[in-house]
Amino acid sequence: MLVNGKPGNLISLRDRGLLYGDGVFRTLRATQGKAQHWLLHYQKLRHDCTALDIACPDIGLLSAELNDLLARHPNGVVKLIVTRGEGTRGYAPPSCAETTHLWDISPLPDYPADWAIHGIKARLCQLRLSQQPRLAGIKHLNRLENVLAAAEWNDAEIAEGLLLDVDGNAIEGTRSNLFLMSQGELITPNLSRSGVAGVQRDRVIAWSTQHNMPLQIRDVGLDDVLHADELFVVNSIIGLWPVRELEQRRWIGFPVAMQIRQAWAEEPAS
């Protein structure tokens with residue numbers, strides 16, 4: 001682990017990331033010393049920092065630290081956290097705080113290879129996401145909703161949970177973005193009120209543009225999900241998983257998901 005570029009695992013008890021979740025983070029997959037889609041992740045990091053009025057560390061500084069980390073740990077799950085830094089007691093942000101940034105790397109999870117081809121079993125979570133447009137789309141450190149949702153099951157056969165918001169709109173998985181195919185259109189939920197807009201979500205949207213696939217970004221009801229022709233989830237660690245089972249619904253064959261997986265596999269490493 002690196003703390004502000006130096007080896008260590010300690011931060012101040014007064015760091016606002018610890019006290020209030022006042023910060024943002026990114027999670028990347030590292031393979032053979034390469035952090036996949038690092039520039040896209042940095043763009044998201046800078047966007048999220050700007051939205052919270054947190055000074056984003058320079059890309060040159062972070063890239064150098066990342067390269068140093070990957071030279072020693074070439075494969076794994078890399079996590080970058082940026083907090084507003086130390087502050088005095090109280091919620092109000094300090095007028096001049098120095099940000100804290102941390103790097104961590106952990107082993108890649110050993111998911112069954114079958115999940116990427118034949119799909120995963122998912123469940124509908126009981127927890128309902130709150131709506132806060134000021135925070136919607138941002139990968140901020142306040143992830144208690146996801147923690148509580150992920151604690152709802154301990155069945156190893158269930159790989160992901162689907163989250164609805166308080167109005168019953170399907171938003172995302174507990175750790176992934178959601179897509180569905182319906183009547184020849186690719187659909188992903190509107191994230192203007194809640195949810196996290198991930199890098200892989202952007203990549204699927206870009207793929208749809210490149211391949212002239214009709215795309216809608218809109219409110220998605222649970223009925224839309226259960227009656228979809230195809231369902232899949234994405235994030236930067238798993239890549240893309242089709243969904244073969246949700247509630248009482250079953251799917252077999254995932255032609256669009258497989259097209260996207262193939263296109264991603266043929267892209268140059270980045």
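Please refer to the structure higher up on the page.
Cut-offs and rules
Residues numbered from 1 in each chain as written. Predicted model: local features only at pLDDT ≥ 70, side-chain atom pairs only at ≥ 80, totals over all residues. Heavy atoms only, no water. Helix = DSSP H or I, 4+ residues; strand = E, 2+ residues; numbered from the N terminus. Core = buried A, V, L, I, M, F, W, Y, C linked by side-chain atoms within 4.5 Å. Buried < 20%, exposed > 50% of the residue type's maximum accessible area, 1.4 Å probe, protein only. Contact = heavy atoms within 4.5 Å. Patch = residues over 30% accessible without salt bridge, like charges linked within 9 Å, V, L, I, M, F, W, Y side chains within 5 Å. Areas by Shrake-Rupley, 256 points an atom, 1.4 Å probe, with all protein chains shown as cover. Salt bridge = Lys/Arg side-chain N within 4 Å of Asp/Glu carboxyl O. Disulfide = S-S within 2.5 Å.

Things to note about the environment of G60
Tracing the backbone through its elements, the reader meets G60 in helix α3 (residues 59-72). When the C-alpha positions of G60 and E185 are compared, they lie 40 Å apart, and in sequence the two are 125 residues distant.

Section: the nonpolar core
If you look at the biggest cluster of nonpolar residues, it comprises 38 residues, and the most contacted ones within it are F232 and L246. Once you skip the residues sitting within four places of it in the chain, F232 turns out to touch N177, L178, F179, L186, V204, L240, W241, P242, V243, A257 and I260.

A look at a nonpolar patch on the surface
A cluster of nonpolar residues, I11, L13 and L18, forms a patch on the protein surface that exposes about 310 Å² of accessible area. Position of I11 among the secondary structure elements: in the loop between β2 (6-7) and α1 (16-20).

Side note on the state of the cysteines
Under the criterion given, the structure shown has zero disulfides. Free of any disulfide, C49 has its nearest neighbouring cysteine sulfur in C56, separated by 4.1 Å.

Observations concerning the pattern of salt bridges
By the definition in use, this model includes 12 salt bridges. Close ionic contact of D22 with R84 constitutes a salt bridge, the shortest N to O distance being 2.6 Å. With D22 in the loop between α1 and β3 (23-31) and R84 in the loop between β5 (76-83) and β6 (100-106), this pair connects stretches of sequence that are 62 residues apart. Of the charged contacts, one joins E245 and R250 as a salt bridge, the two residues approaching to 3.4 Å between their closest N and O atoms.

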